[in-house]
Amino acid sequence: MRLSILAVLIGLAAPAVQADTFSLSLGNGPIGTLNVTADAVRSSVTDSPLGLANGRFEATAKRVRTASGDVVTQYLSQAPSKGRTISVLLKDARALETVVSPAKDATDLSVASAVPAGVTHPVGALNRIVNASGGCPGPIQFYDGRRVITISPDGAAQDGETLTCDMRYRVTAGPGHLSPLFISGARMSVTYTTAGGQQMAGLTLSSGPFTLYVTR
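Below: a short report on this structure. Note that this is a predicted model, so its numbers are computed, not measured. (Residues numbered from 1 in each chain as written. Predicted model: local features only at pLDDT ≥ 70, side-chain atom pairs only at ≥ 80, totals over all residues. Heavy atoms only, no water.)

Overview of the pairing of strand E7 (residues 84-91)
- Here E7 lies mainly inside the structure; 6 of its 8 residues are buried.
- Here strand E6 (residues 71-79) hands over to E7 after 4 residues, with Gly83 in that stretch at a positive phi of 65°.
- Sheet topology note: the E7/strand E8 (residues 94-101) ladder contains 7 bridges and is antiparallel. Bridge pairing in E8 links Leu90 to Ala95.
- Between the end of E7 and the start of E8, which pair antiparallel, lie 2 residues, with Asp92 showing a positive phi angle near 55°. (Buried < 20%, exposed > 50% of the residue type's maximum accessible area, 1.4 Å probe, protein only. Helix = DSSP H or I, 4+ residues; strand = E, 2+ residues; numbered from the N terminus. Pairing = 2+ DSSP bridges.)

Overview of the state of the cysteines
- Inspection of the entire model under this criterion finds 1 disulfide.
- The partner cysteine of Cys136 in its disulfide is Cys165, sulfur to sulfur 2.0 Å. Judged by the sign of its S-S torsion, about -90°, the bond between Cys136 and Cys165 is left-handed. Of the two residues, Cys136 is situated in the loop between helix H2 (122-130) and strand E9 (140-143) and Cys165 in strand E11 (residues 162-173); the sequence distance between them amounts to 29 residues.
- Given a relative accessible area of 1%, Cys165 falls into the buried group. (Disulfide = S-S within 2.5 Å.)

As for the pattern of salt bridges
- According to the stated counting rule, one finds 6 salt bridges in the structure shown.
- Ionic pairing is found between Asp105 and Arg84, a salt bridge with its closest N-O pair at 3.1 Å. In this pair, Asp105 sits in the loop between E8 and H2 while Arg84 sits in strand E7, placing the two residues 21 residues apart along the sequence. The burial state of Asp105 is the same as that of Arg84; both residues are buried.
- Here Lys104 makes a salt bridge to Asp105, at a shortest N to O gap of 3.4 Å.
- Taken together, the shared-partner salt bridges in this structure form one network comprising Arg84, Lys104 and Asp105. (Salt bridge = Lys/Arg side-chain N within 4 Å of Asp/Glu carboxyl O.)

Digging into H2
- For H2, the buried fraction is high: 7 of the 9 residues fall into the buried class.
- The set of residues buried in H2 consists of Pro122, Val123, Gly124, Ala125, Asn127, Ile129 and Val130.

Describing the side chain of Asp20
- Structurally, the position occupied by Asp20 is in strand E2 (residues 20-26).
- At 2.8 Å, the side chain of Asp20 and the side chain of Arg216 are in polar contact. (Polar contact = N/O pair within 3.5 Å; in protein donor to acceptor, adjacent residues only side chain to side chain.)

A word on the packing of aromatic side chains
- One pass over the structure, following the stated rule, counts 1 aromatic pair.
- Seen in terms of ring centroids, Phe142 and Tyr169 are 6.5 Å apart; in terms of plane orientation they differ by 65°. Their pairing is edge-to-face. On the criterion of sequence distance, the pair formed by Phe142 in strand E9 and Tyr169 in strand E11 is long-range, its members being 27 residues apart. Comparing Phe142 with Tyr169, the two get one shared label, buried. (Phe/Tyr/Trp six-rings, centres within 6.5 Å; stacked < 30°, edge-to-face > 60°.)

Side note on the environment of Gly83
- Within the secondary structure, Gly83 sits in the loop between E6 and E7.
- Judged by its relative accessible area of 46%, Gly83 is partly exposed.
- For the pair formed by Gly83 and Pro102, sequence separation is 19 residues and the distance between their alpha carbons is 7.6 Å.
- Discounting residues that sit within four places of it in the chain, Gly83 has contacts with Ser101 and Pro102. (Contact = heavy atoms within 4.5 Å.)

Thoughts on the environment of Ser152
- The topology assignment puts Ser152 in strand E10 (residues 148-159).
- Spatially, the C-alpha atoms of Ser152 and Arg170 are 8.4 Å apart, while their sequence positions differ by 18 residues.
- When neighbours within four sequence positions are excluded, Ser152 is seen to be in contact with Asp166, Met167, Arg168 and Arg170.

A word on the nonpolar core
- Counting 43 residues, the largest nonpolar core has Ile129, Tyr143, Ile151, Met188, Val190, Tyr192 and Met200 as its most contacted members.
- With 5 residues, E11 is the largest single contributor of residues to this core.
- When neighbours within four sequence positions are excluded, Val190 is seen to be in contact with Ile129, Leu163, Thr164, Cys165, Met167, Met200, Gly202 and Leu203. (Core = buried A, V, L, I, M, F, W, Y, C linked by side-chain atoms within 4.5 Å.)

That is the geometry; function is a separate question.
Here it is as C-alpha cells:
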C-alpha cells in the first residue's frame, strides 16, 4: 500500500533560507519569474509560446516522517493551471512512491519501481546548478514523477571573472516536456560570476527555435 495512505507525513523543521529570484524571457521579451530556495521552486509564466507553459508552478522538497518512523524526502509539485499535483517519496536516491493526480496525467514512469536508482528531485537538481561552487556542476539525474532527466557537462570556459558551463539536458526515460511538443532534449549554458565567490548570473536553455533565458 502507498506510504502516504498508511501514514500522515509530518514535516521536520528546517531553517529559513534566502531566495534567489530570476527573470524568465524568450527572444520576444519577458514571460515570467522564477524563485529558488533550498527547499522550494516557484515560477509564474504568462506569455509562453502558444500558452503551453503559462500558469503558476510550485514545488517543494522536505524531509518527512512516516507513521513507521522512517524519514524520507517528499517532493510535492502543484500546477494549478493544469490541475495537476505530483507527490514523490524518495530515500537514498531512490523513488519509493509516486502519486499523480489526476491519474490520467500519470506515465509509465509514474511507478516508483520503473525509476532507475541514483535520482534526485527537481528542487535538488536546480539547487545544484544555482548553488554550484568551485567550478561547473557535475552530472545530475532527476525525477519529476513523470519522467527522468539527465543533465551532463559538455565543456567549460573561464573568461576573467565569468565562468560559462555548457551542458546537455535530455529526457532519458518517459515522455518529453510540453505536450504536444514533447521536447526531449535541449542545450544548456550556465554563467557564473566568480569574483569574491561563485554565483549563478544566468542560464539559457535552447531547443529548436526557442531559447529560454533565466537571468538574475
